Amino acid sequence: MRFLPLLCIGTLLTCNSPTPDTAPTTEAPEPAGLRDAAPFPIGGAINIRQVLSDEQLRDITTTEFSSLTSTNDMKMYRIADTEGELDFARADSTVAFAAEHGMRMFGHALVWHYALPDYIADMPAEELRIFLTEYIDTVVTHFRGRIDGWDVVNEVLDTKGGGMRDSPFYEKLGTDYIGLAFRTARRADPDAKLFINDFGTERDTAKLSGLLRLVDSLRAEEVPIDGIGFQWHQQMRDDTNTVRQTLRRAAATGLLIHISELDLIFNTHNDEAGGGTDDVQAVTPAMLEEQAERFETLARIYREEVPADQQYGITFWDFTDRDTWIRGFFDMGDWPTVFDEELARKPGYYGFRRGLGE
Ligand code: G3I
């Protein structure tokens, strides 16, 4: 199958605010945003159409972040929704916004079992292999030099434990699809950093072991992998000691470490859509302080456990309680981010900033 790329519109931009990273002139200057307080990139996941249409959100984005990830617009169901065509319009618009504001652009995600176009389901194995190769080649080539790194494969492990996820790719191509994806991405853009990204690996040590075994076997086969992404969709009940140990084990690989999707909830869930428990129905100032302490600890753990040359950065996955995916997906109330419903900085924001070494 040959793709007919739809043209990159990339000019939906109306942004005009300069990057507000100029230091204040007072004697004890406050960092303007997280990006100024951090020794490594701080990222935000955004929906470009929302950012361009909401001035307050746009100001937060440009003030706080030095790296951007598109929440959904670089997923296969957005780029390759129509069979035989690729639509880069929203992705290009996001990349242009990042470039205009001097931010690093991160690509999420080339291969994921979820958010796929419907036609994938009917593809026989060989057709799927060709499709996957062409898709990765075309997409990574399209963004060559403009995207710093990619989640090449996302969530290839089962939800719990260290086994492989039974995805359409695994079912038809076995584990080979992973090496194929990395090699194709490397050929298309030799300079892009290539990541394997997953969730729950900060609390499920068997899953982390499975991930590290997989990384070892990929490297033994000379598969070009540069980094490990920890999503870090964390819960207040998580054990921070385990978070520290898991990060230390991953850092020992010598690979880049990206905290790719940080948020922090009070409630819990079973990892399924609609599976939230909703025990905690209201947030108090004391709870927000506890959350602030936890954000501080998490930032500190990252700084302490990941050597500086492996620190690819920390990215927030939705950064306002108004917009968080958690509420809709798990069907529960929660307050997982560092900005509140009115888009004001929460205690968690300042806690995180303290953890960056302020
Ligand atoms: O844009 C449509 C809208 O037009 C429509 O009316 C509405 C009705 O459902 O759907 C809207 O699209 C939704 C989209 O989010 C934008 O809100 C999709 O249905 C919904 O499936 C999609 O969910 C995203 C999910 O990934 C699946 O792609 C979440 O926003 C996004 O936060 C979530 O992100 C994932 C990471 O990629 C991987 N790690 C876990 C993380 C959280 O689930």
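We now turn to the structure provided with this report. (Residues numbered from 1 in each chain as written. Predicted model: local features only at pLDDT ≥ 70, side-chain atom pairs only at ≥ 80, totals over all residues. Heavy atoms only, no water.)

This brings us to the packing of helix α11 (residues 285-305) against helix α13 (residues 347-355). At a closest axis distance of 7 Å, the pairing of α11 and α13 adopts a crossing angle of 25°. As summarised for this structure, α11 and α13 are arranged roughly parallel, according to the angle between their axes. In the packing of α11 onto α13, the handedness of the crossing is right-handed. Side by side, α11 and α13 meet where Leu-288, Glu-289, Ala-292, Phe-295, Glu-296, Ala-299, Arg-300 and Arg-303 of the first sit next to Pro-347, Gly-348, Gly-351, Phe-352, Arg-354 and Gly-355 of the second. (Axes fitted to C-alpha atoms, helices over the stretch in contact; angles between N-to-C directions. Helix = DSSP H or I, 4+ residues; strand = E, 2+ residues; numbered from the N terminus. Parallel < 35°, antiparallel > 145°, perpendicular 65-115°, else oblique. Left-handed = near helix turned anticlockwise from the far one by under 90°. Contact = heavy atoms within 4.5 Å.)

A separate point is the packing of helix α9 (residues 205-220) against helix α10 (residues 240-251). For the pair α9 and α10, interaxial distance at closest approach is 11 Å and the crossing angle is 5°. By the angle between their axes, α9 is roughly parallel relative to α10. Across the interface between the two elements, Thr-205, Leu-208, Ser-209 and Leu-212 of α9 pack against Thr-242, Thr-246, Arg-249 and Ala-250 of α10. Considering only residue class, the contact of α9 with α10 consists of three nonpolar, four polar and one charged. (Nonpolar A, V, L, I, M, F, W, Y, C, P; charged D, E, K, R; others polar.)

Turning our eyes to something else, we now look at α11. The first and last C-alpha atoms of α11 sit 30 Å apart over 21 residues, in line with the 30 Å expected at 1.5 Å per residue. By the burial criterion, the buried members of α11 are Met-287, Leu-288, Gln-291, Ala-292, Arg-294, Phe-295, Glu-296, Leu-298, Ala-299, Ile-301, Tyr-302 and Glu-305. (Expected span 1.5 Å × (residues − 1). Buried < 20%, exposed > 50% of the residue type's maximum accessible area, 1.4 Å probe, protein only.)

With that out of the way, let us pick up the site of the ligand. Around the ligand, the structure places 16 residues, and the nearest of them are Lys-75, His-108, Glu-155, Glu-261 and Trp-317. Within the side chain of Lys-75, an N or O atom sits 2.7 Å from an oxygen atom of the ligand. A distance of 2.7 Å separates an oxygen atom of the ligand from a polar side-chain atom of His-108. For the ligand, whose unbound accessible area comes to 790 Å², protein coverage reaches 54%. Of all the elements in the fold, those that place two or more residues in the shell around the ligand are α4 (76-79) and β5 (104-112). Split into classes, the residues belonging to the shell around the ligand amount to six nonpolar, six polar and four charged. (Near = heavy atom within 4 Å. Polar contact = N/O pair within 3.5 Å; in protein donor to acceptor, adjacent residues only side chain to side chain. Areas by Shrake-Rupley, 256 points an atom, 1.4 Å probe, with all protein chains shown as cover.)

For side chains of opposite charge, pairing can occur when their charged atoms come near one another. Applying the stated criterion across every chain, the model contains 20 salt bridges. Note that Glu-304 and Arg-244 form a salt bridge whose closest N and O atoms lie 2.9 Å from each other. Of this pair, Glu-304 sits in helix α11 while Arg-244 sits in helix α10, and the two are 60 residues apart along the sequence. The class of Glu-304 is partly exposed, set by a relative accessible area of 46%. It is possible to trace a salt-bridge network through shared partners that takes in Arg-244, Arg-248, Glu-304 and Glu-305. (Salt bridge = Lys/Arg side-chain N within 4 Å of Asp/Glu carboxyl O.)

We now examine the pairing of strand β10 (residues 256-265). By the criterion of burial, β10 is predominantly enclosed, with 10 of the 10 residues buried. Two strands pair when backbone bridges link them, and strand β8 (residues 227-230) and β10 are joined in this way by four bridges, in the parallel orientation. Residue pairing in the sheet places Gly-227 in a bridge with Leu-256 of β10. Relative to strand β11 (residues 311-316), β10 runs parallel, the two being bridged by four bridges. Among the inter-strand pairings, Leu-262 is bridged to a residue of β11, identified as Phe-316. Remark: the β10/α11/β11 crossover connection has right-handed handedness. (Pairing = 2+ DSSP bridges. Right-handed = clockwise from strand over helix to strand, strands pointing away.)

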